[in-house]
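# Examining the three-dimensional arrangement
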Amino acid sequence: MILKNNLLLEAARGGPVNRPPVWLMRQAGRVLPEYRAVRKKVKNFRELVTTPELAAEVTIQPVDILGVDAAIIFSDILVIPEAMGLPYEMIEEKGPVFRKTVRGEEDIEKLEIAAGDNLRYVTDAIRIVKKELNGRVPLIGFAGAPWTILAYMVEGHGSKTFSEARKFLYTCPDSAHRLLGKIAKSTVNYLKSQVDAGADILQLFDSWAGILSPAQYASFAFPYLRDIGKEMKLYSPSTPLTVFAKGAFFSVKDFGQTDYDVIGLDWNMDIGGSRVLAGKNKTLQGNMDPALLYADYETIRKETRKMLEAFGKERYIANLGHGLYPDTDKDKVKFFVDVIKGEV
Ligand code: 1CP
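Described in the following lines is the structure provided in the data block. (Residues numbered from 1 in each chain as written. Predicted model: local features only at pLDDT ≥ 70, side-chain atom pairs only at ≥ 80, totals over all residues. Heavy atoms only, no water.)

Here D200 is to be found in the loop between helix 10 (173-197) and strand 5 (201-206). The class for D200 is buried, based on a relative accessible area of 15%. In contact with D200, other than residues within four places in its own chain, are L3, L9, K130, P138, L139, T239 and P240. (Helix = DSSP H or I, 4+ residues; strand = E, 2+ residues; numbered from the N terminus. Buried < 20%, exposed > 50% of the residue type's maximum accessible area, 1.4 Å probe, protein only. Contact = heavy atoms within 4.5 Å.)

Right, here's the structure in full:
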């Protein structure tokens, strides 16, 4: 299907664009009253994620309401641990909790390699979204990076330090590699099924990249992401790939040598320096501090224009440096998008 708004894919491939595309991490969610209304109709987060019609509805909301240049499929990175045999619960205001965690070799042995069909509810939602969008904007598919998924599987819940997960890397390195290998295989199966269902571009979220040392990242995180990139490029050369390794400024140069087309930056990273590290053939995505959106309109305009200037028009996708905070004013989110589009 021909896309009416192809800005995101053009920018990802390094083609000419008349302005940078914009979308926002966590654009579907509690900032939108329309999302909260749908969320109220279901028992919990999982029901929303596993009901394709509802997941599709909240995926499209930000395209209609905020005017962003892409939709991202409404799901969570934690559907992979669940498909491998570790179900999660999403506790309101707190985040995910796993009843069972990975403690050692025996637990890893029991985990399954997820195949596309365990996650049919996601691919069904993708098919509905693609049909309903009818080519208006591209659809982003996604998955968590193996290290970030391991962190939740071992720790069992969110954490500022993930010290249990980091302990696991030092105390059971061989088991960690076995687990990472299983997660990576599951992730490739899952991403392939998303492409088959119609995802136009894929993003890997390594949200906890920045808590590893460069050496640990080079051993336990980077190679798995690199290989996922390689496999996905072979599987679908026309599907652009994005990697977002939050906090891992030390990884930008290495990702510049991989099959990823787009490198996501958070607001700790220097824009000019990252361009040099990533190299000419990569597109950068990011990187506004989501806390800017608590400021007054004039400050939002000024800081956003500064960001646009620093990145330049070429090979750039405007976004935040991490997900929107749920208590952000929706009008300010829309204003940020409109400044980028040159409309205000
Ligand atoms: O209904 C609700 O309010 C629950 C909040 C919520 C939402 C809306 C969670 C719980 N997940 C999501 C959806 C989600 N998660 C999307 C949807 C698409 C969109 O961006 O609009 C995406 C891409 C994710 C990915 C995700 N989940 C990441 C990677 C990105 C990031 O934020 O770093 C991570 C780390 C998660 C785990 C997760 N899910 C939810 C929470 C609160 C958390 C973080 C928990 C923690 O602090 O460790």
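Next, the rest of the story.
For the rest of this paragraph, the subject is the packing of aromatic side chains. Overall, the coordinates contain 15 aromatic pairs when judged by the stated rule. On the basis of an interplanar angle of 70° and a centroid distance of 5.6 Å, the ring pair of Y217 and F250 is categorised as edge-to-face. Residue Y217 is found in helix 11 (residues 214-220), and its partner F250 is found in the loop between strand 6 (241-245) and helix 13 (252-255); the two are separated by 33 residues along the sequence. Since its relative accessible area comes to 2%, Y217 is described here as buried. Overall, the relative accessible area of 22% leaves F250 in the partly exposed class. Each ring, one from F255 and one from Y260, has its centre 6.0 Å from the other, and the planes form 90°; the classification is edge-to-face. For F255, a relative accessible area of 1% translates into the label buried. The side chain of R46 reaches across the aromatic face of Y88, ending 5.1 Å from its centre. Taking NZ or CZ as reference, K332 lies 5.5 Å from the ring centre of Y297, over its face. (Phe/Tyr/Trp six-rings, centres within 6.5 Å; stacked < 30°, edge-to-face > 60°. Lys NZ or Arg CZ within 6 Å of the ring centre and 35° of its normal.)

Below, the discussion takes up helix 15 (residues 297-311). Along its 15 residues, helix 15 runs 21 Å from first to last C-alpha, staying within 8% of the 21 Å computed at 1.5 Å per residue. If you check which residues of helix 15 are buried, you get I300, T304, M307, L308 and F311. Within helix 15, the buried residues cover an arc of 100° as seen down the axis, which keeps them to one side. Exposed and oriented more than 90 degrees from the buried face of helix 15 are K302 and E309. The elements touched by buried residues of helix 15 are helix 14 (271-278), strand 8 (283-288), strand 9 (316-320) and helix 16 (330-340). Capping the start of helix 15, D296 holds a side-chain oxygen 3.2 Å from the backbone nitrogen of E298, two or three residues further along. Within two residues after helix 15, G312 carries a phi angle of roughly 80°, on the positive side. (Expected span 1.5 Å × (residues − 1). Arc of directions from axis to C-beta. Polar contact = N/O pair within 3.5 Å; in protein donor to acceptor, adjacent residues only side chain to side chain.)

Take the sheet that holds strand 4 (residues 139-144) next. Spatially, 1-4-5-6-7-8-9 is the arrangement adopted by the seven strands of the open sheet, whose pairing is parallel. One side of each edge strand has no neighbouring strand; the edge strands of this open sheet are strand 1 (71-72) and strand 9. As paired strands, strand 6 and strand 7 (residues 262-264) are joined by three bridges and run parallel to one another. Opposite F244, over in strand 7, you have G264 as the bridge partner. (Pairing = 2+ DSSP bridges.)

Right, let's talk about the site of the ligand for a bit. Around the ligand, the surrounding shell holds 24 residues, and the nearest of these are Y35, D76, Y152, S207 and H322. Contacts to the ligand include R26, whose backbone N or O atom sits 2.7 Å from an oxygen atom. Side-chain polar atom of S207 to an oxygen atom of the ligand: 2.5 Å apart, as the coordinates give it. Here the ligand, which alone exposes 890 Å², has 87% of that area covered by the protein. Applying the majority rule of atoms within 2 Å of the grid points places the ligand in the largest pocket. Sorting the residues of the shell around the ligand by element identifies helix 2 (33-40) and strand 3 (95-98) as the ones contributing at least two each. Counted by class, the shell around the ligand contains 14 nonpolar, six polar and four charged residues. (Near = heavy atom within 4 Å. Areas by Shrake-Rupley, 256 points an atom, 1.4 Å probe, with all protein chains shown as cover. 1 Å grid on protein atoms, 1.4 Å probe; cavity = no way out; pocket = protein on both sides within 12 Å on 5 of 7 lines; lining within 4 Å. Sits in = over half its atoms within 2 Å of the grid points. Nonpolar A, V, L, I, M, F, W, Y, C, P; charged D, E, K, R; others polar.)

The next thing to look at is the environment of T239. Its place among the elements puts T239 in the loop between helix 12 (222-235) and strand 6. Taking the C-alpha atoms as reference, T239 lies 9.5 Å from D261; in sequence the two are 22 residues apart. Beyond its immediate chain neighbours, meaning those up to four positions away, T239 contacts V195, A199, D200, I201, L202, K233 and D261. A polar contact of 2.5 Å, which involves the side chain of T239, links it to the side chain of S236.

Right, let's talk about the layout of surface pockets for a bit. Once rolled over the atoms, a probe with the size of a water molecule shows which space is left empty. Within this model, the largest pocket holds a volume of roughly 1,600 Å³. Along the wall of the largest pocket there are 47 residues; nearest its centre are R26, R30, D76, P96 and Y152. Looking at the lining of the largest pocket, the elements that each hand over two or more residues are helix 2, strand 2 (88-91), strand 3 and helix 8 (146-155). Among the elements that make up the lining of the largest pocket, the one with the highest residue count is strand 3 (three residues). (Points joined across faces, edges and corners; volume = space filled by probe spheres on them.)

By the definition in use, this model includes 19 salt bridges. With its nearest N and O atoms 3.8 Å apart, the salt bridge here joins E47 to K43. Taking the shortest distance from any N to any O, the salt bridge between R120 and D124 comes out at 3.1 Å. With R120 and D124 both in helix 7 (residues 120-133) and four residues apart, the pair spans about one turn of that helix. A relative accessible area of 49% means that R120 is categorised as partly exposed. Connected via shared salt-bridge partners are R120, D124 and R127. (Salt bridge = Lys/Arg side-chain N within 4 Å of Asp/Glu carboxyl O.)

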